[in-house]
Amino acid sequence: MDNEAVLILIKPDGLKKSLTGNILTRLSETKLEIVAAKMVRVSEELAHEHYKQLKQEPFFKDLIQYIRGEYHDRRKVMALVYWGEQALQRCRELAGATNPEKAESTSIRGSYGRITTLGVYENVIHVSSDRKEAEREIKLWFCPEEIIVNLFSTKEVEEKAAKKRVWA
Ligand code: IDP
Ligand code: MG
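In this text, all values refer to a predicted model and were calculated from it rather than measured experimentally. The written sequence of each chain sets the order in which its residues are numbered from 1. Lettering of chains starts at A and numbering of ligands starts at 1, both following the order in which they are written. For this predicted model, a pLDDT threshold of at least 70 governs which residues receive local features, and a threshold of 80 or more governs which side-chain atom pairs are given and counted, while totals over whole chains, interfaces and linings are taken from all residues. To get the side-chain values, all heavy atoms of the structure are used, and hydrogens and water are removed first.

Moving on: helix H2 (residues 20–28). By the burial criterion, the buried members of H2 are Ile-23, Arg-26 and Leu-27. The arc that holds every buried residue of H2, seen down its axis, measures 95°, which confines them to one face. Three exposure classes are used, based on accessible area relative to the maximum for each residue type with a 1.4 Å probe and protein chains only: buried under 20%, partly exposed in between, and exposed over 50%. The secondary structure listing takes helices from DSSP runs of H or I that are at least 4 residues long and strands from runs of E that are at least 2 residues long, numbered from the N terminus. Directions drawn from the helix axis to the C-beta atoms are what define this arc.

Moving on to the sheet that holds strand E6 (residues 125–127). DSSP calls a pair of strands paired once it identifies at least 2 bridges connecting them. Reading across the sheet, the 4 strands line up as E2-E3-E1-E6 and stay open at both edges, with antiparallel pairing between neighbours. Each edge of the open sheet carries a strand with a single partner, namely strand E2 (33–40) and E6. Recorded for the sheet is a direction-independent mean angle of 20° between the axes of neighbouring strands. The pairing of E2 with strand E3 (residues 77–85) spans 7 bridges and is antiparallel. From the neighbouring strand, Met-39 faces E3, where its bridge partner is Met-78. Running at roughly 30° to strand E1 (residues 3–10), helix H5 (residues 87–95) makes contact with E1, E3 and E6 of the sheet. Contacts are residue-level and defined by heavy atoms, with any inter-residue pair within 4.5 Å sufficient. Working convention: axes come from line fits to C-alpha atoms, limited for helices to the stretch in contact. Angles between N-to-C directions cover 0 to 180 degrees. Contacts between helix H7 (residues 131–141) and the sheet are confined to E1, E2, E3 and E6, with E1 contributing the most and set at about 60° to the helix.

Another aspect to go through is the nonpolar core. Considering soluble globular proteins, one finds that nonpolar side chains tend to be buried as a cluster. Ranked by internal contacts, the top residues of the largest apolar core, which has 23 residues, are Val-81, Trp-141 and Phe-142. When residues of this core are traced back to their parent elements, those giving at least two are E1, E2, helix H3 (44–50), helix H4 (60–67), E3 and H7. The element that contributes the greatest number of residues to this core is H4, accounting for 5 residues. Apart from the residues lying within four places of it in its own chain, the contact partners of Trp-141 are Leu-7, Leu-9, Lys-38, Val-40, Val-42, Leu-46, His-50, Val-77, Ala-79 and Glu-146. Here, nonpolar core means buried Ala, Val, Leu, Ile, Met, Phe, Trp, Tyr and Cys residues that are tied together by side-chain atoms lying within 4.5 Å of each other. With 21 residues, the next largest nonpolar core counts Tyr-82, Cys-91, Ala-95 and Val-127 among its residues.

As for its placement among the helices and strands, Asn-99 is situated in the loop between H5 and helix H6 (108–112). Taking relative accessible area as the criterion, Asn-99 reaches 14% and is therefore assigned buried. In protein, a polar contact requires one atom able to donate a hydrogen and another able to accept it; more generally it is a pair of N or O atoms within 3.5 Å, and residues adjacent in sequence count only if both atoms are side-chain atoms. Among the polar contacts made by the side chain of Asn-99, one reaches the main-chain amide nitrogen of Glu-101 at a distance of 2.8 Å. At a separation of 3.5 Å, a polar atom in the side chain of Asn-99 contacts the side chain of Tyr-121. Aside from chain neighbours lying at most four places away, what touches Asn-99 is Ile-115 and Tyr-121.

Turning to the environment of Tyr-82, a few remarks are in order. Along the polypeptide, Tyr-82 turns up in strand E3. Through-space distance from the C-alpha of Tyr-82 to that of Glu-4 is 8.4 Å; in sequence the pair is 78 residues apart. Residue contacts for Tyr-82: discarding those within four places in its chain leaves Glu-4, Ala-5, Val-6, Ile-8, Leu-24, Leu-27, Leu-32, Glu-33, Ile-34 and Ala-87.

Keep in mind these values describe shape, not function.
Structure below.
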């Protein structure tokens, strides 16, 4: 069995349109395992790093604003890691094409996405496109303790007494 991991983000338009349940239901058809999940307030730095290969694109600035929730008054995304056989291909297929107008109408993007008047593809979810990208993205969005299986090699480091917020 050759398991692989994929980063999925439910983007701010997906959250605003109350699509979380629908999207998770669609993804559950894959029988893949969710091995990490959390809500994230996306910083400028995280957004830039996540989409760094698109820096030269004319839509880059809008894309950063979009993923940070500035168009939807929802400054958060839901980040998940799905894990299992052919996870990438199966999740990409369910998601559909990048351009929501070209995506299969039964796919998640085809069902719920749109292109805005600014030309932003609001396509509801992010799905890593290959193994290398998945590894880079998962390491960017999650730390090892947040993932319940050992996906990638880790190392132990000594932490200096750093300040940490705990429950009062
Ligand atoms: P992907 O999300 O299907 O992997 P990428 O090419 O990695 O597609 O692009 C990342 C995101 O950037 C897309 O999901 C979409 O939101 C946005 N995007 C990509 N291409 C365009 C475009 O031509 N116009 C506007 N937005 C785009
Ligand atoms: Mg991509």
